[in-house]
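These are the residues of each chain, in order.
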Amino acid sequence: MNSLISIEKTESIAIVRVNRPKQYNALSRETINQLDAVLEAVRQDASIHALILTGEKNFAAGADIGDMTHLTPQEAQAFLFADTFRKLELLPIPTIAAICGYALGGGLEMALACDIRIASEEAQMGLPEISLGIMPGAGGTVRLPKLVGIGKAKELIFSGRKIAAAEAFQCGLVQQVVAPEDLMSAACELAKKLARQSMTALMSAKTMLNFSAEMPPEAAFKMEAGYWSGLFGSPDQVEGMQAFIEKRKPKFNMQK
Ligand code: CAA
């Protein structure tokens, strides 16, 4: 069987691609099973320090509608991609969605589970589920409002309209917009920059950023203080501060 998800490793970066170009990378259940397995392998590989998720021509035009047409509520639960997207969100390393073409429905929800989104100028994004008589079910109603605010999220989800990269940037859905030919180089440049950071410190910050908004503020401040103070005495804290004093670049531990 052809691989629906490919992975390429360059230095400490993993580039993961959805590979169903004829279906505009629509996500079948098997595609998500393969993505899940790849994410598990990435999680266990100490040499990978950043991940880029992308697709050829299109990021992903949503869940495969043909596969969903006759699902019962119980079958729909089993079809759902939420667990795999949560696994993506909780990967300890930084993740970047490099969005080209369409990122719709479950495709956009996959991008929302990444830490940072970079879009090509021609990209189009949206959550059109309501026009199919369903609603976003793989994190869209949870993650989109955190990025764009509740009013904009409701407007986008209720209308189902597609937005261009410029509007996505303006509302905070994507963090950078580049020319189509520069998409992968921009994503790789950022990934390499992040992969050179202290992984110990970055992973602690990512954990806090993932959970702080879901916690009562007092608990979040306490947890943050615990993570912050826990970094003191780590090889990276010693090296990072010593390098500053000695006016040189730090050499961080390359294990995560
Ligand atoms: N599922 C299955 N097949 C899809 C698909 C999808 N989500 N999106 C595109 N395709 C297929 C088309 O069926 C077509 O295949 P054939 O050539 O075999 O007919 C091929 O990809 C190209 O699509 P179009 O001919 O429609 O190309 P277009 O350029 O005219 O339009 C498009 C592109 C705007 C992306 C349009 O295909 C479209 O609207 N796709 C559906 C988008 C959508 O509604 N996504 C949400 C799905 S629901 C979801 O994701 C649920 C969830 O919460 C998890």
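Remember, it's a predicted structure, so these values are computed and weren't measured experimentally.

Student: I tried to follow the overall build of the protein chain on my own but got confused; where do I start?
Tutor: When helices and strands are tallied, the protein chain shows 12 helices and 9 strands. Its C-alpha atoms give the protein chain a radius of gyration of 19 Å, near enough to 18 Å, the size a compact globule of 256 residues would have. Projected onto its principal axes, the C-alpha positions of the protein chain cover 60 × 40 × 35 Å. For the protein chain, with 256 residues in total, the buried portion stands at 45%. In the protein chain, the proportion of contacts linking residues at least 24 apart, taken out of those at least 6 apart, comes to 68%. For the protein chain, the computed accessible surface area is about 13,100 Å², with 59% contributed by carbon and sulfur atoms. Taken together, the 26 basic and 28 acidic charged side chains of the protein chain have centroids lying 3 Å from each other.

Student: Looking at this structure, I do not really get a negative patch on the surface. What am I missing?
Tutor: On the surface, Glu121, Glu122, Glu181 and Asp182 cluster together into a negatively charged patch. Mapping Glu181 onto the fold places it in the loop between strand S9 (176–178) and helix H9 (183–195).

Student: I tried to follow the side chain of Ser28 on my own but got confused; where do I start?
Tutor: For Ser28, the position within the fold is in the loop between strand S2 (13–18) and helix H1 (29–44). Within the local environment of Ser28, its side chain forms a polar contact with the side chain of Thr31, the two groups lying 2.6 Å apart. Non-local contacts of Ser28, meaning those with residues more than four positions away in its chain, are made with Leu4, Arg20, Asp64, Asp67 and Phe81.

Student: Is there a simple way to explain the pattern of salt bridges in this structure?
Tutor: Between side chains of opposite charge, a pair can form when the charged atoms approach closely. Taken as a whole and judged by the stated rule, the model has 17 salt bridges. One salt bridge in this structure joins Glu40 and Lys87, with 3.1 Å as the shortest N-O distance. Here Lys87 lies in helix H4 (residues 82–89) and Glu40 lies in helix H1, a separation of 47 residues in the sequence. Residue classification places Lys87 among the partly exposed residues on the basis of a relative accessible area of 23%. Between Glu214 and Lys146 there is a salt bridge; the shortest N-O distance is 3.2 Å. Linking Glu214 in the loop between helix H10 (199–211) and helix H11 (217–230) with Lys146 in helix H6 (residues 140–148), this pair joins segments that are 68 residues apart in sequence.

Student: Whenever I open this one, the nonpolar core confuses me. Can you help?
Tutor: Nonpolar side chains in soluble globular proteins generally cluster together in the buried interior. By size, the foremost hydrophobic cluster in this structure holds 49 residues, and its most contacted members are Ile99, Met110, Met125 and Leu173. Considering each element in turn, this core owes the most residues, 5 residues, to H1. Apart from residues lying up to four places away in sequence, Ile99 is in contact with Phe59, Ala111, Arg117, Ile118, Ala119, Ser120, Ala123, Met125, Val174 and Leu183. Core analysis: the next-biggest nonpolar cluster, separate from the first, contains 16 residues, Ile96, Ala98, Cys100 and Ala195 among them.

Student: Help me understand helix H12 (residues 235–245) in this model?
Tutor: Counting along an α-helix, one turn takes 3.6 residues, and residues three or four places apart therefore face a common direction. All of the buried residues along H12 are Asp236, Gln237, Glu239 and Ala243. The elements touched by buried residues of H12 are H10. Immediately beyond the C-terminal end of H12, within one or two residues, lies Lys247, with a positive phi of roughly 55 degrees.

Student: I'm lost on the packing of H6 against helix H7 (residues 150–159) in this one. Help?
Tutor: Across the interface, H6 lies against H7 with an axial gap of 7 Å and an inter-helix angle of 130 degrees. When the axis of H6 is compared with that of H7, the two are oblique. The handedness of the crossing between H6 and H7 comes out as right-handed. Residue-level contacts link Gly140, Thr141, Leu144, Pro145 and Val148 of H6 to Ile150, Lys152, Ala153, Leu156 and Ile157 of H7. In terms of residue class, the contact of H6 with H7 is built from 7 nonpolar, 2 polar and 1 charged.

Student: Looking at this structure, how should I read a positive patch on the surface?
Tutor: A surface patch of positive charge is lined by Lys192, Lys193, Arg196 and Lys249. Structurally, the position occupied by Lys192 is in helix H9. Lys192 sits in the partly exposed class, given a relative accessible area of 33%.

Student: When you look at the sheet that holds strand S6 (residues 116–120) in this model, what are you seeing that I'm missing?
Tutor: Either a parallel or an antiparallel arrangement is found when strands of a sheet pair, and the pairing is made through backbone hydrogen bonds. Sheet architecture is open: 6 strands sit in the order S1-S2-S3-S4-S6-S9, paired in mixed fashion. Of all strands in the sheet, those bounded by a partner on one side alone are strand S1 (5–10) and S9. Between one strand axis and the next, the sheet turns through 20 degrees on average, direction left out of account. Sheet topology places S6 next to S9; 3 bridges connect them, and they run parallel. Looking across to S9, one finds that Ser120 is bridged to Val178.

What counts, and where the lines are drawn
Residues numbered from 1 in each chain as written. Predicted model: local features only at pLDDT ≥ 70, side-chain atom pairs only at ≥ 80, totals over all residues. Heavy atoms only, no water. Helix = DSSP H or I, 4+ residues; strand = E, 2+ residues; numbered from the N terminus. Rg over C-alpha atoms; globule rule 2.2 N^0.38 Å. Buried < 20%, exposed > 50% of the residue type's maximum accessible area, 1.4 Å probe, protein only. Contact = heavy atoms within 4.5 Å. Areas by Shrake-Rupley, 256 points an atom, 1.4 Å probe, with all protein chains shown as cover. Lys, Arg positive; Asp, Glu negative; His and termini not counted. Charge placed at Lys NZ, Arg CZ, Asp CG, Glu CD. Patch = residues over 30% accessible without salt bridge, like charges linked within 9 Å, V, L, I, M, F, W, Y side chains within 5 Å. Salt bridge = Lys/Arg side-chain N within 4 Å of Asp/Glu carboxyl O. Polar contact = N/O pair within 3.5 Å; in protein donor to acceptor, adjacent residues only side chain to side chain. Core = buried A, V, L, I, M, F, W, Y, C linked by side-chain atoms within 4.5 Å. Axes fitted to C-alpha atoms, helices over the stretch in contact; angles between N-to-C directions. Parallel < 35°, antiparallel > 145°, perpendicular 65-115°, else oblique. Left-handed = near helix turned anticlockwise from the far one by under 90°. Nonpolar A, V, L, I, M, F, W, Y, C, P; charged D, E, K, R; others polar. Pairing = 2+ DSSP bridges.

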